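Geometric and topological summary
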Amino acid sequence: MLQHLKEHRLHGDLRREDTLFYFTTCGWMMWNWLVSGLACGATLVLFDGSPFYPSSQSLWDMTDEEGISVFGTSAKYIAALEKSGCKPRETHKLVNLRAVLSTGSPLAHEGFRYVYRDIKADLCLSSISGGTDIVSCFALGNPTLPVYAGELQCRGLGMAVEVWNDTGSAVVEEKGELVCSKSFPCMPVGFWNDPDGAKYRGAYFENWPGVWAHGDYAEITTHGGVVIYGRSDAVLNPGGVRIGTAEIYRQVEKVEEVLDSICIGQPWHDDVRVVLFVVLREGVVLDEDLTQKIRSTIRANTTPRHVPAKVIQVADIPKTISGKIVELAVRNVVEGKPVKNKEALANPEALSLFEKLPELAEE
């Protein structure tokens, strides 16, 4: 509760006269975060259903109708909204709207530009990041700081958040492991059904005893912002070069024909090769021209190491109930390993789409 009050009042500038909305399921930690808005005296708006039914403008109709001032959602929703061609700035008043919050996955630079260009120019766009385990954030917004595209504005107040390299040294402007080097009020004391604490220590303290390693591959900028490149356990390592999957997703989102994607590293000839799976718009088929378009878009804005060796079309991508793609689960299926926590997936049947694909046995 202390953590949420800090995040709402100080980082989010949430006030009694505000109307707060967060597009979330009851199974996502953001539901708890939303409900805690009552502690500030704010009015809450709850929504159940598809954000694109009956149209892509549904949530923005609601924003006008209910006078929403703080609008929370996921990075995936913002990307999907842009691909749908929705431009709320041209069709809605959005008089009270003064803040948009995004979480669930890193918000790409293009997502920032879309919000300011096509939703509303005069608002604070805060990309925020934390975890279900702490039911709060490690890095989030700040109403007194500028917004930089692709960055979370600052680290949480009272949170000793740093980025450490492999030797355990704190680094700036260098990619590494996101850690919290000191204890904090919302740190869980253990896991359910883990009497000796082995699972708990293995989850967060395996790398550095007493230091919480959250599992995010990140970077702290010179002005104190935070960039998150994806999950540490999903980091690609082709030719020994560490690549965050968010670096690839950012480029793939630029390809109009692609609706969604997931990227993994596949062990191949004593190395790792990048494999990209894509869900395409209805009626679009992945041919050689589109494959080259995807590859050239990635290559033009990153490095040759980022370019996928294989691009494969799939009908669906497995996601958690809160809408996060599950790279580790897909990688395990491709490698013939068991997948744990299938019950956490909204569409576990999608995992079968990645089993024994003939394309992954070819050069």
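Preceding block: the structure.
The notes below deal with the structure included here. (Residues numbered from 1 in each chain as written. Predicted model: local features only at pLDDT ≥ 70, side-chain atom pairs only at ≥ 80, totals over all residues. Heavy atoms only, no water.)

1. Section: the layout of surface pockets
Rule in force here: For each structure, a 1 Å grid was placed over the protein atoms alone; sets of points admitting a 1.4 Å probe that cannot get out are labelled cavities, open sets with protein on both sides within 12 Å along at least five of seven lines are labelled pockets, and lining residues have an atom within 4 Å of a point. Grid points are joined across faces, edges and corners, and a volume is the space filled by probe spheres set on the points. Here the term charged refers only to Asp, Glu, Lys and Arg, the term nonpolar to Ala, Val, Leu, Ile, Met, Phe, Trp, Tyr, Cys and Pro, and the term polar to all other amino acids, Gly among them.
Space inside the second largest pocket adds up to approximately 170 Å³. Grouping the amino acids of the lining of the second largest pocket by side-chain chemistry returns three nonpolar, three polar and four charged.

2. Here we look at helix α4 (residues 75–83)
Heads up, the rule is: The buried label applies to any residue whose accessible area, calculated with a 1.4 Å probe on protein chains only, is under 20% of its type's maximum; exposed applies above 50%, and partly exposed to all values in between. Numbering goes from the N terminus for both helices and strands, where a helix is a DSSP run of H or I of at least four residues and a strand is a run of E of at least two. Only heavy atoms matter for contacts: two residues are in contact if any of them lie within 4.5 Å across the pair.
By the burial criterion, the buried members of α4 are A75, Y77, I78, A79, L81 and K83. On its buried face, α4 sits against α3 (58–66), β3 (70–74), β4 (99–103), α6 (109–119), α8 (245–252) and β13 (258–268). Positive backbone phi, at 85°, marks G85, one or two positions downstream of α4.

3. Observations concerning the pairing of strand β11 (residues 212–220)
Selection rule: Paired strands, as defined in this entry, are two strands with at least two bridges between them according to DSSP.
When you tally the buried positions in β11, you get nine out of nine residues, the bulk of the element. Where strand β10 (residues 176–180) lies against β11, four bridges are found, and the strand directions are antiparallel. Across the sheet, C180 pairs through a bridge with W212, a residue of β11. Across five bridges, β11 lies against strand β12 (residues 226–231) in antiparallel orientation. Among the inter-strand pairings, D216 is bridged to a residue of β12, identified as R231. Two successive antiparallel strands, β11 and β12, enclose a turn made up of five residues, where G224 displays a positive phi of approximately 90°.

4. Description of the side chain of E151
Just so we agree on the cut-off: In this count, Lys and Arg are taken as positive residues and Asp and Glu as negative ones, while His and the chain termini are left out. By salt bridge we mean one thing: a side-chain nitrogen of Lys or Arg within 4 Å of a carboxyl oxygen of Asp or Glu. Under this definition, polar contacts are N or O atom pairs within 3.5 Å; protein pairs additionally need one hydrogen-donor-capable and one acceptor-capable atom, and for neighbouring residues in sequence, both atoms have to be side-chain atoms.
Checked against the element boundaries, E151 lands in the loop between β7 (136–140) and β8 (154–155). In this structure, E151 is buried with no salt-bridge partner, the nearest side chain bearing the opposite charge being R155 at 10 Å. Polar side-chain contacts of E151 include one of 2.8 Å to the side chain of H223. Those residues in contact with E151 that sit more than four places away from it in its chain are F112, S127, T221, H223, G225, V226 and V227.

5. Quick notes on the packing of α4 against α6
The following threshold applies: Lines are fitted to the C-alpha atoms to define the axes, a helix being fitted only along its stretch in contact, and any angle between axes, read from their N-to-C directions, falls within 0 to 180 degrees. For this classification, under 35 degrees means roughly parallel, over 145 means roughly antiparallel, 65 to 115 means roughly perpendicular, and everything else is oblique. A clockwise turn of the near helix away from the far one marks a right-handed crossing, whereas an anticlockwise turn of less than a right angle marks a left-handed crossing.
The contact between α4 and α6 brings their axes to 10 Å, and the two run at 60°. Viewed along their axes, α4 and α6 adopt a mutual orientation that is oblique. Pair α4 / α6 crosses with left-handed handedness. Residue-level contacts link I78, L81 and E82 of α4 to E110, G111, Y114, V115, R117 and I119 of α6.

6. Looking at the pattern of salt bridges
The final tally for this structure, using the stated rule, is 17 salt bridges. Between E110 and R250 there is a salt bridge, and its shortest N-O distance comes to 3.2 Å. One end of the pair, E110, is in helix α6; the other, R250, is in helix α8, with 140 residues separating them in the sequence. The shortest N-O distance in the salt bridge between R281 and E256 comes to 2.9 Å. Note that R281 is positioned in the loop between β14 (271–280) and α9 (288–301) and E256 in the loop between α8 and β13, a separation of 25 residues in sequence.

7. With respect to the sheet that holds β7
Pairing in this open sheet of three strands is antiparallel, and the strands run β6-β7-β8 from one edge to the other. A single partner strand is all that each edge strand has here, and the edge strands are β6 (129–131) and β8. Bridge count for β6 against β7 is three bridges, and the pairing is antiparallel. Residue S129 lies in a different strand from β7, and its bridge partner there is A139. In the packing of helix α1 (residues 2–11) onto the sheet, contacts are made with β7 and β8, and the angle to β7 comes to roughly 35°.

8. Points about the sheet that holds strand β2 (residues 43–45)
Either a parallel or an antiparallel arrangement is found when strands of a sheet pair, and the pairing is made through backbone hydrogen bonds. Spatially, five strands are ordered β2-β1-β3-β4-β5 in an open sheet, and the strand pairing comes out parallel. Where the open sheet ends on each side, the last strands, each with one partner, are β2 and β5 (124–127). Direction aside, neighbouring strands of the sheet carry axes that sit 20° apart on average.

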